[in-house]
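# Structural description and commentary
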Amino acid sequence: MQSFSRIFDDNSVSPIYFVVPGFLGNYSEGFIGRLYAFLLENNFSVRGVTFRGHENDETELANLFEMVARVSSEYLLLRKKYPERKIIILAHSQGCAVALKASGSFDEKTSFILFAPVVYPDRILLSRVKADDLRLIESGASVNCKISKTKSRTINLDWVLSYRNFALEGMLPNVRQKCLIVRPADDWIDKENVDVLCRKLPHGAYLEMPGDHIFAEPERAFENLAKKLFL
């Protein structure tokens, strides 16, 4: 693993930050909402990708492979417009898995900061689908399921199969870009997700900071993180 201090050592050109939210993440709440607002308030160049079904007024969720395709296409448009700028992918939770899966579309002027990363989204999300609902989905139905503590969305068989067939771990040694892995010390995500990144990413560095999964607790966890990484 490389040291944290050297992973983003080329400051000759200001970067564009490309934000990839986590599961049901958007830009009005949670960690990604705070991060996006912070970057704008501090006059950083920032772009954010959005996924179908993540807003509160939307119903049917995009599957994982749709999300990967969305990240790839938005990145390539950005790269075409700014061929010489450094791009830093800022991904959170499930968004880390999606962004890494899309990394074959990224060039070597691109790097990652992975916040509270998830490598095995199937282990988290599929367990939230009730057995009765899963049987209906496997018969071809689209079913509205409660897939977080407070939110329900409509999912179908394509969505379920995308989680069953995602298989990120095997491609990690092929990721060419530099990656900073940021783990909150009190993350509820199993540390195995971070450990496999540390073992298998060829150009990775590791940073642990105080915080829960969204860096809301303890007090000033987000502010301390943002100051360390961006200011």
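Residues numbered from 1 in each chain as written. Predicted model: local features only at pLDDT ≥ 70, side-chain atom pairs only at ≥ 80, totals over all residues. Heavy atoms only, no water.

## Structural notes on the packing of helix H1 (residues 30–41) against helix H8 (residues 221–230)
Note the threshold: Fitting a line to C-alpha atoms yields each axis, with helices limited to the stretch in contact; the angle taken between N-to-C directions then spans 0 to 180 degrees. Elements are defined by DSSP. Helices are runs of H or I of four residues or more, strands are runs of E of two residues or more, and each kind is numbered from the N terminus. Under this scheme an angle from 65 to 115 degrees is roughly perpendicular, one under 35 degrees roughly parallel, and one over 145 degrees roughly antiparallel; angles in between are oblique. Two helices cross in a left-handed way if the nearer one is turned anticlockwise from the farther one by less than a right angle. They cross in a right-handed way if the turn is clockwise. It only takes one pair of heavy atoms within 4.5 Å for two residues to be counted as in contact. Here the term charged refers only to Asp, Glu, Lys and Arg, the term nonpolar to Ala, Val, Leu, Ile, Met, Phe, Trp, Tyr, Cys and Pro, and the term polar to all other amino acids, Gly among them.
Here H1 crosses H8 at 45°, and the two axes come no closer than 12 Å. When the axis of H1 is compared with that of H8, the two are oblique. The hand of the H1/H8 crossing is right-handed. Of the residues in H8, those touching H1 at Phe31, Arg34, Leu35, Phe38 and Leu39 are Phe222, Glu223, Leu225, Ala226 and Phe230. Among the residues forming the contact of H1 with H8, the class breakdown is eight nonpolar, no polar and two charged.

## Some words on the confidence of the model for the protein
Rules: Known as pLDDT, the predictor's confidence for each residue is given on a scale from 0 to 100.
Per-residue pLDDT for the protein has a mean of 93; in total, 94% of the residues score no lower than 70. Counting contacts from residues 1–7, a segment whose pLDDT is below 50, to residues more than four positions away or on other chains yields 21 contacts.

## So, the pairing of strand E7 (residues 178–184)
The condition that has to hold: Buried, partly exposed and exposed residues are distinguished by accessible area as a fraction of the type maximum, computed with a 1.4 Å probe on protein chains only: under 20%, between the cut-offs, and over 50%, respectively. If DSSP finds at least two bridges between two strands, the strands pair.
In terms of burial, E7 is largely enclosed, as six of its seven residues are buried. Pairing between strand E4 (residues 110–115) and E7: five bridges, direction parallel. Considered in E7, the bridge of Ser111 is made with Lys178. Bridge count between E7 and strand E8 (residues 204–209): six bridges; the pairing is parallel. Note on E8: the bridge partner recorded for Arg183 is Glu208.

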